[in-house]
Protein chains: 2
Amino acid sequence: MENTEIYVPEPAIGRLPWYLACVSRLRAQGVEYVSSTAISQELNVDASQIAKDLSYLNIKGKTRIGYEVAQLERGLLDFLGFHRDHKAVMMGVGSLGAALIADSGLSRYGLNIVAGFDVDPALVGTEIDGTPIYDLAELPARREALGAEIAVIAVPVESAAEVAELCVNSGIKALWNFTPFHIRTSPDITIQNTSIYAHLAVMYNRMKSK
Amino acid sequence: MENTEIYVPEPAIGRLPWYLACVSRLRAQGVEYVSSTAISQELNVDASQIAKDLSYLNIKGKTRIGYEVAQLERGLLDFLGFHRDHKAVMMGVGSLGAALIADSGLSRYGLNIVAGFDVDPALVGTEIDGTPIYDLAELPARREALGAEIAVIAVPVESAAEVAELCVNSGIKALWNFTPFHIRTSPDITIQNTSIYAHLAVMYNRMKSK
């Protein structure tokens, strides 16, 4: 049962894709076993931290041999859900939304954007890379047939609250929020904020102090 | 002197764009003063946290009146650097890199992508939305004339280490890393990781446990 999985802290989950990138490269190179020390040197993360992070996934290395590379890669992929199909709708297909639809990287990581929604009559009825664009107001009627549980929020910040509410009322279970707006909703909705503009602010600030 | 600014913790910087979005909306509505309690209710952040975050910027509210909206907006914009021009190069103009060049949102937040670099001969010599694309190998020769201190890393993960090194050796001061690769470099280089795929993993995980 997936629901019985233990709670893994967000910083640990955030490191797992680093380990995955590392072991995928090792497997491509034909390496069969890897120690947490070797991963540690590669990624500049404490070996004990790596062992702890992987223990959440019930992945344990063998003394003196380390982790089996293929098994570790499978375990990470399984846990991260990158090889499962997660259907999503794109709310707002302006510059960022259209860019994310066109980014084939997302589908490689399991995110399948099945439709876009926008208020712009010039966009409604068109397709972006084969993805149909519908009127925003049609989300409640179309959500279930699309099978999407995730909504990517890429609308202008002033519409974020209203669009988030529309999504939740339409049966969406998770909001991936690219706006700087702090969405509040019921506790059974998953919210993931990816405020790339906040990251820009952090980077500008750190540059100044160097 | 900008360099004498005090160190602001990353979570605080991450909240500032929320405040900015909120006060920009208030100013557009013609509101003149706002209390931290009102911002708190809007954003679901503790009023004391807001007051503390803003005190890093030397912005203090007046008793019973609160913050002057226009002044608060200016102070936030100033600190966040969104209205300054930060020249950047895009390393890798595949799906994500091209998408980020096309995202006009970045320039609204002060990031000016002046050129793209790629190894694909089909891309070199072309333009994306008016941005010229050069051969990756030309970065060392072109960096200074372009005036770019920031490199956005959007190459395939297996090239990330090599491309980061090329950037640093070419005089780049900050790397905005969109790959899941954990870049290691000298301490005077600013690294900002925006691993949107790691955010996907966190979202998938949280959805399962609900």
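Residues numbered from 1 in each chain as written. Chains lettered and ligands numbered in written order. Predicted model: local features only at pLDDT ≥ 70, side-chain atom pairs only at ≥ 80, totals over all residues. Heavy atoms only, no water.

1. Overview of the pattern of salt bridges
Residues and elements named next belong to chain A. For the structure shown, the criterion picks out ten salt bridges over all chains. In this structure, the salt-bridge partner of Arg27 is Glu73, at a minimum N-O distance of 2.3 Å. With a gap of 46 residues between them, Arg27 in helix α1 (residues 10-28) and Glu73 in helix α4 (residues 69-80) connect regions that are remote in the sequence. A salt bridge links Lys87 to Asp85; its shortest N-O distance comes to 2.8 Å. The exposure class assigned to Lys87 is partly exposed, which follows from its relative accessible area of 33%. (Salt bridge = Lys/Arg side-chain N within 4 Å of Asp/Glu carboxyl O. Helix = DSSP H or I, 4+ residues; strand = E, 2+ residues; numbered from the N terminus. Buried < 20%, exposed > 50% of the residue type's maximum accessible area, 1.4 Å probe, protein only.)

2. Comments concerning the relation of the copies chain A and chain B
Expressed as a screw transformation, the operator carrying chain A onto chain B has a rotation angle of 180° and an axial translation of 0.0 Å, and the superposed copies differ by an RMSD of 0.0 Å. What the superposition gives is, in effect, a two-fold axis relating one chain to the other. Residue Ala99(A) of chain A places its C-alpha closer to the rotation axis than any other residue of that unit, at 2.2 Å. With an isologous cut-off of 70% or more, the 99% of interface residues of chain A that recur at the interface of chain B puts this contact in the isologous class. (Least-squares fit on C-alpha atoms with pLDDT ≥ 70 in both. Contact = heavy atoms within 4.5 Å.)

3. Considering the sheet that holds strand β6 (residues 131-135) of chain B
Strand pairing within a sheet occurs via backbone hydrogen bonds; the two strands may be parallel or antiparallel. Residues and elements named next belong to chain B. The sheet built from seven strands is open, its strands ordered β5-β6-β4-β3-β7-β8-β9 with mixed pairing. In this open sheet, the two strands that pair with only one neighbour each are β5 (127-128) and β9 (190-193). Bridge count for strand β3 (residues 86-91) against strand β7 (residues 150-153) is four bridges, and the pairing is parallel. Residue Val89 lies in a different strand from β7, and its bridge partner there is Ala151. Sitting on the sheet, helix α7 (residues 139-146) touches β3, β4 (111-118) and β6, and the angle it makes with β4 is about 165°. (Pairing = 2+ DSSP bridges. Axes fitted to C-alpha atoms, helices over the stretch in contact; angles between N-to-C directions.)

4. Concerning the interface of chain A and chain B
Across the boundary between the two partners, chain A contributes 68 residues, which contact 67 residues of chain B. Overall, the association of chain A and chain B removes approximately 6300 Å² of surface from exposure, summing both partners, and the carbon and sulfur fraction of that is 63%. Joining chain A to chain B, the criterion identifies zero salt bridges. Joining chain A to chain B, the criterion identifies 18 residue pairs in polar contact (both at pLDDT 80 or more). Secondary structure elements with two or more residues in the side of chain A that touches chain B: α1, α2 (36-43), α4, α5 (95-102), α6 (104-108), β8 (174-177), β9 (190-193) and α9 (196-208) of chain A. The class makeup of the residues in the side of chain A that touches chain B is 36 nonpolar, 17 polar and 15 charged. (Buried area = accessible area lost by both parts, 1.4 Å probe. Polar contact = N/O pair within 3.5 Å; in protein donor to acceptor, adjacent residues only side chain to side chain. Nonpolar A, V, L, I, M, F, W, Y, C, P; charged D, E, K, R; others polar.)

5. A few points about the sheet that holds β8(A)
Residues and elements named next belong to chain A. Ordered in space as β5-β6-β4-β3-β7-β8-β9, the seven strands form an open sheet in which the pairing is mixed. Two strands close off the open sheet at either side, each with one partner strand: β5 (127-128) and β9. The pairing of β8 with β9 spans four bridges and is parallel. In the strand pairing of β9, Asn177 is matched with Asn193. The strands touched by α5 within the sheet are β3 (86-91), β4 (111-118), β5, β6 (131-135) and β7 (150-153), with β3 carrying the most contacts at an inclination of about 155°. Relative to the sheet, helix α7 (residues 139-146) contacts β3, β4 and β6, its axis offset from that of β4 by approximately 165°.

6. Quick notes on the packing of α1(A) against helix α9 (residues 196-208) of chain B
Put simply, α1(A) and α9(B) touch, their axes get as near as 8 Å, and they point 130° apart. Our classification of the angle between α1(A) and α9(B) gives oblique. The way α1(A) lies across α9(B) gives a crossing that is right-handed. Contacts from Glu10(A), Ile13(A), Gly14(A) and Pro17(A) of α1(A) reach α9(B) at Ala198(B), Ala201(B), Val202(B), Asn205(B) and Arg206(B). Across the contact of α1(A) with α9(B), the residue classes break down as five nonpolar, two polar and two charged. (Parallel < 35°, antiparallel > 145°, perpendicular 65-115°, else oblique. Left-handed = near helix turned anticlockwise from the far one by under 90°.)

7. Side note on the side chain of Thr131(A)
All names here are of chain A. Within the secondary structure layout, Thr131 lies in strand β6. You can call Thr131 buried: its relative accessible area is 9%. Not counting chain neighbours up to four residues away, the residues in contact with Thr131 comprise Ile101, Ile113, Val114, Ala115, Gly116 and Thr126.

8. A closer look at the nonpolar core
Counting residues in each nonpolar core, the largest one holds 103 residues, and the members touching the most others are Tyr19(A), Leu111(A), Leu200(A), Tyr19(B), Leu111(B) and Leu200(B). Leave out the neighbours within four places in its chain, and Tyr19(B) touches Ile39(B), Leu43(B), Val45(B), Gln49(B), Ile50(B), Asp53(B), Leu54(B) and Leu76(B). (Core = buried A, V, L, I, M, F, W, Y, C linked by side-chain atoms within 4.5 Å.)

9. Brief notes about the packing of aromatic side chains
Two aromatic rings are characterised by how far apart their centres lie and by the angle between their planes. In the structure shown here, the tally under the stated rule is eight aromatic pairs over all chains. Ring plane angle 10° and centroid distance 4.1 Å describe the contact between Tyr109(A) and Tyr197(B), whose orientation is recorded as stacked. Of this pair, Tyr109(A) sits in the loop between α6 and β4 while Tyr197(B) sits in helix α9, on two different chains. Judged by its relative accessible area of 15%, Tyr109(A) falls in the buried class. (Phe/Tyr/Trp six-rings, centres within 6.5 Å; stacked < 30°, edge-to-face > 60°.)

10. What about unusual backbone geometry?
Positive phi, close to 65°, is recorded for Arg64(A), a residue that is not glycine. Tracing the backbone shows Arg64(A) in the loop between α3 (47-55) and β2 (67-68). According to the relative accessible area criterion, Arg64(A) is exposed, its value standing at 86%. A positive phi angle is found at Asp129(B), which is not glycine, with a value near 50°. Checked against the element boundaries, Asp129(B) lands in the loop between β5 and β6.

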